Amino acid sequence: MLHIRAITVLAALAAGPAVAQSQLSIATGGTGGVYYPMGGGLAEVINNHVEGMSATAEVTGASVENMGLIATGDADLAIGLADTVQQAYAGTGRFEGQQLPMIRAIGSLYANMVQIVTTADSDIQSLEDLEGKRVSVGAPGSGTEVNAQTLLEANGMSFDDFTAQRLNFNETADALANGDVDAGFWSVGAPTSSILNLATTQDIRMIPLTDEQVAAAQEADPTFTELSLPSGTYEGVEEDISTIGVPNVLVVSSEMDEETVYQITKAMYENIEELRAVHPAAEETTVEFTMSATPVPLHAGAIRYFEETGADIPDDLRE
């Protein structure tokens, strides 16, 4: 269905100047993460506050896949991790040799937190203890997979050090509960439903990162920021957990017309309480966070809105 609609959109673009699209698809992630409810909340904001537009959140493989969907026109908006978005725009990392220069940002939404989960009776206490174990590193093409790989390689490890399984959030939680994996990576806003649900049926433990591991990850990828998962976020997690995080960015194609992007940006920021009612991660969705955390240039329509608000837009966020 997405593919058929994409052909229509691309044909319209080829025929002449882009016009406001009545149907918008928002590429998100799996249902067990934050992207999907966040995308659903954004769709509701668009439906309620942008005249003539109807938006729908789509389940996808998340960040890496989402950048491709924007490039091909199979999605109109997409959420992606800042490092993945930056790689797509620059043609580096996972996008070596397949640069997507049309990627533009509307804004940054919230920070994903790398959460490494095991069961309370596991002997895994540290990143190094993953060696020789069965570990879920996230769905194929997800930002979780990218973050896990970067974190490990920055600290002298790789997926070859254990039996890597590429499972989405819900699959990882089920595999931990069933004893099919020993640990799992999540890169997602906290709290996330899949870990919340797991913690109600299993005693879990979160694996903290050392200061040295955090510093190594930041040196490898400057989009990482040091974060702390507060105690009590999940049942059984009784102390703050040191980790890293990456901002999540809402992106569109540079080919989307300015007025459409302006209306979407305006609707999102001026009705942000509706998004926060859907998920607490949207507490971070502010103009200030966008200006400090966005890794690629803003779309002209977003710039127009931010200029109206009097925001101080950094030069590197202008095209």
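The structure this text deals with has already been given above.
What you see as residue numbers is a count from 1 along each chain, following the sequence as written. At least 70 in pLDDT is required for a residue's local features to be given in this predicted model, at least 80 for side-chain atom pairs to be given and counted, and no such filter applies to totals for whole chains, interfaces and linings, which use all residues. Each side-chain value is derived from all of the structure's non-hydrogen atoms; neither hydrogens nor water enter the calculation.

Participant: I'd like a rundown of the overall build of the protein chain, residues and numbers included.
Facilitator: Counting secondary structure elements, the protein chain contains 12 helices and 10 strands. For the protein chain, the C-alpha radius of gyration of 19 Å lies close to 20 Å, the compact-globule estimate for 319 residues. With the C-alpha coordinates of the protein chain rotated into their principal frame, the extents come out at 60 × 40 × 40 Å. Taking all 319 residues of the protein chain together, 55% fall into the buried category. When checking whether two residues touch, look at their non-hydrogen atoms; a contact exists if any pair is within 4.5 Å. Sequence separation of 24 or more characterises 73% of the internal contacts of the protein chain that already satisfy a separation of 6 or more. Counting from the N terminus, the helices are DSSP H or I runs at least four residues long and the strands are E runs at least two residues long. It is over C-alpha atoms that the radius of gyration is taken, and the globule rule equals 2.2 Å times the number of residues to the power 0.38. Exposure classes here rest on a 1.4 Å probe applied to the protein chains alone. A residue is buried below 20% of its type maximum, exposed above 50%, and partly exposed in between.

Participant: Residues and numbers for the packing of aromatic side chains, please.
Facilitator: Pairing of aromatic rings covers Phe, Tyr and Trp, the last through its six-membered ring, and needs centres within 6.5 Å; plane angles under 30 degrees mean stacked, over 60 mean edge-to-face, and all others mean tilted. Inspection of the entire model under this criterion finds 6 aromatic pairs. Here Phe159 and Phe162 contribute two aromatic rings whose centre-to-centre distance is 6.2 Å and whose plane-to-plane angle is 45 degrees, an arrangement assigned as tilted. Between Phe169 and Trp186 the ring centres are 6.3 Å apart and the planes differ by 15 degrees, which places this aromatic pair in the stacked class. Of the two residues, Phe169 sits in helix α6 (residues 169-178) while Trp186 sits in strand β7 (residues 183-188), which places them 17 residues apart along the sequence. Like Trp186, Phe169 is buried. Pairwise contacts between aromatic rings join Tyr262, Tyr269, Tyr305 and Phe306 into one cluster. Only when the NZ atom of a Lys or the CZ atom of an Arg is both within 6 Å of the ring centre and within 35 degrees of the ring normal do we say a charge sits over the ring. Sitting over the face of the ring of Tyr262, Arg304 holds its NZ or CZ atom 3.8 Å from the ring centroid.

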